[in-house]
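Notes for the structure review
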Amino acid sequence: MALDIKQIEELFKDDLERESENRAAAEEDIRFAKLGEQWPEQAKRDREREGRPCLVLNKMPTFIRQVVNDSRINSPQIKVKPVDDDADPDTAEVLSGLIRNIEYSSQADVAYDTALDSSASCGMGFWRISTEYCDEQSFAQDIRIHRITNPLSVVFDSRGESLDGSDWTHAALIDQITEAELKRRYGAKDIKSFREDGATDDQDEDEDLIRIAEFWHIDEVSEKLLMLSDGSVLTEDEYLKPHPELGIPLKDILADLGVVVNRERKSSKRRVKQYICGSEIIETNEWAGKWIPIVPVFGEEVFSGGKRHLKSLIRDAKDAQRNFNYWRSGATEAVALGPKTPFIGPVGAFDTDRAKWATANVKNHPYIEYDQVGQQPQRQPFVGVPAGMLQEAMNASDDMKAIIGIYDASLGARSNETSGKAILARQREGDVSTFHFIDNLAKSIAHTGRILVDLIPKIYDTERVIRIIGADGESKNVQLKKPTEYNGVERIFDLGVGKYDVAVDTGPSFTTQREEAAQQMIELIRSYPNAAPIIGDLLAKNLNWPDAEEISKRLKAMLPPQIRQLDNEEGLPPEAVQKIQAMQQQMQQMGQQMQQGMVEFQKVIKELEAVKSDQSIEARKVEIDAYNAETNRMKLQLQTADTFTDIMQKAMPSVDPVFEDTLSQQTM
């Protein structure tokens, strides 16, 4: 059901009112943490009027960066997994690689970091998903992920309860553009702003700008679902619809095949619409996916009075920050006033040079004369900064750490820990206290993965070549809808076949994992040097050096045959591996036979040497002939083995090193 402008305005107004407290608190947090507006207005005006300092020593960004940068190190990764019988691991791998390519092409990490930063700063952050044409001459589209820099420009479904926005039925994204831009985008003119009474709390009214609302709404369309006797599931409309080529209803075709309806039930289908609104609806578009393509990242949730309150990382630490500013300002003021302590003298001592004495605390005069009517004027000594002020400032700083849960060790400061394990354990405590922000980000990225898995088959639905990126950052091209070779097997990828689910790995990024793996391997080799020849190729592969891959290949060529057989690095199918193993067994048997022949050969030689001295020439001739016959037989065996080795090397060239190593070991 299509909405009109009045219905859109009513939904927007209801959401704005229900979320007014969260939006007001979020705006205050942004101004406090990001803009440094930390003094109450009245107190600030009074102190400025009196010439007193109002210092802002803002520690909030340090805590926020600790959470955001920790997420950058442990970047969440989307992984697609097959669910039903029609899905397969290779297609899941292609989907995962395509999602990584979408993230890479969109610079999605910037969108994720911006949303998490907003979540920690004001309790909510967002990014959006859109589609765009590949180029000006193409009808093919690509999916992109874009950041939303202003979290208050999003007005979301206030009755939704999910952390990732998956249960939203509507949402709005507000933008302010010029009339020329409005005409360029939509060809519209004479359009006034959406909701003249104000849509966003943080934007000043500008008469030259027109407020546009990009309003998303989900319609639930009822339909009947049918299960057929062959196990397939269709909607009633599909069941009754005529075949496009035969013109006969699918129902009649299936009936001729003996396929009938076994079960039926009521169902609903989600249809997402986009409304571009000013003072009226400018444009209406159908969205290919089934979720609203705006994803939130919320901070800490608190439910009270039937409402959800969204809190930022620094919400409860603002009073401690104000207290810190106050005491540091007081200490600064006390030190600044030290040289301004008054002169004390008898009445009449300051009559001469009265104007200079009146400005002695604010000007540097070369000399000042006084009247000798008694003792000479004396300046009161500076008593120093009150220790209580400094102590209160330190207490306020500790209060901020205790409230947020991030202590000195997590911020990189030295503490009393001496071992590396103790330092990491203390740092991990800070990560645990703020992990719910990282976890909420991971949940939102997982929902993004579900949106993409649902959207990809509808956008990448033609014969085209796509780029996928592996977990190690290596990219390759894959052909869709046509036969293509993948992992040594020819197959056809149709991303719309099968059901897939999404999981998110919140561990370290691939680069970080590789560095950690290399460090652990080095420690293992130090503890167990005999492991170096076995894992040397893996260590070189994980080191971030130029030509590290080449070094790894050379070290791998030196591995024993047993290790290479375990690796099966050539990716041979099981049947080929079994044949290779059978050939190796045959070669081993031949080697054993050759060794036995050599033993017999040596025995004959010894016997001939023994009879040389006491036998007649005729007898020695007989023995020599036997010696020559045995020698020829052994040469024939060696030639047969060499020929067999050559045949196997030509038949299986990819395993030459295995045969060479085995043969050399067996003939030694």
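Treat the numbers as computed from the prediction; the structure is a model and nothing was measured.

Taken together, the side chains of I551, L555 and M558 define a hydrophobic patch exposed on the protein surface, amounting to about 280 Å² of accessible area. Looking at the element boundaries, I551 is found in helix α17 (residues 548-557). Judged by relative accessible area, which is 33%, I551 ranks as partly exposed.

Turning to unusual backbone geometry, a few remarks are in order. Even without being glycine, Q107 reaches a positive phi, approximately 55°. Relative to the helices and strands, Q107 is located in the loop between α5 (89-106) and α6 (108-122). Look at K481: it is not a glycine, yet its phi comes out positive at around 70°. Along the chain, K481 turns up in the loop between β16 (475-479) and β17 (483-486).

The element strand β5 (residues 170-178) is largely enclosed, with a buried count of seven among its nine residues. With nine bridges joining them, β5 and strand β6 (residues 209-228) adopt antiparallel strand pairing. The partner of A171 across the bridge, within β6, is W216.

What follows covers the pattern of salt bridges. Evaluated as defined, the whole model comprises 36 salt bridges. Residues D29 and R315 are paired through a salt bridge, measuring 2.5 Å at the closest nitrogen-oxygen approach. With a gap of 286 residues between them, D29 in helix α2 (residues 20-33) and R315 in the loop between β12 (307-311) and α10 (318-336) connect regions that are remote in the sequence. Of the residues examined, D29 reaches a relative accessible area of 0% and is grouped as buried.

Rules used in this analysis
Residues numbered from 1 in each chain as written. Predicted model: local features only at pLDDT ≥ 70, side-chain atom pairs only at ≥ 80, totals over all residues. Heavy atoms only, no water. Patch = residues over 30% accessible without salt bridge, like charges linked within 9 Å, V, L, I, M, F, W, Y side chains within 5 Å. Areas by Shrake-Rupley, 256 points an atom, 1.4 Å probe, with all protein chains shown as cover. Salt bridge = Lys/Arg side-chain N within 4 Å of Asp/Glu carboxyl O. Helix = DSSP H or I, 4+ residues; strand = E, 2+ residues; numbered from the N terminus. Buried < 20%, exposed > 50% of the residue type's maximum accessible area, 1.4 Å probe, protein only. Pairing = 2+ DSSP bridges.

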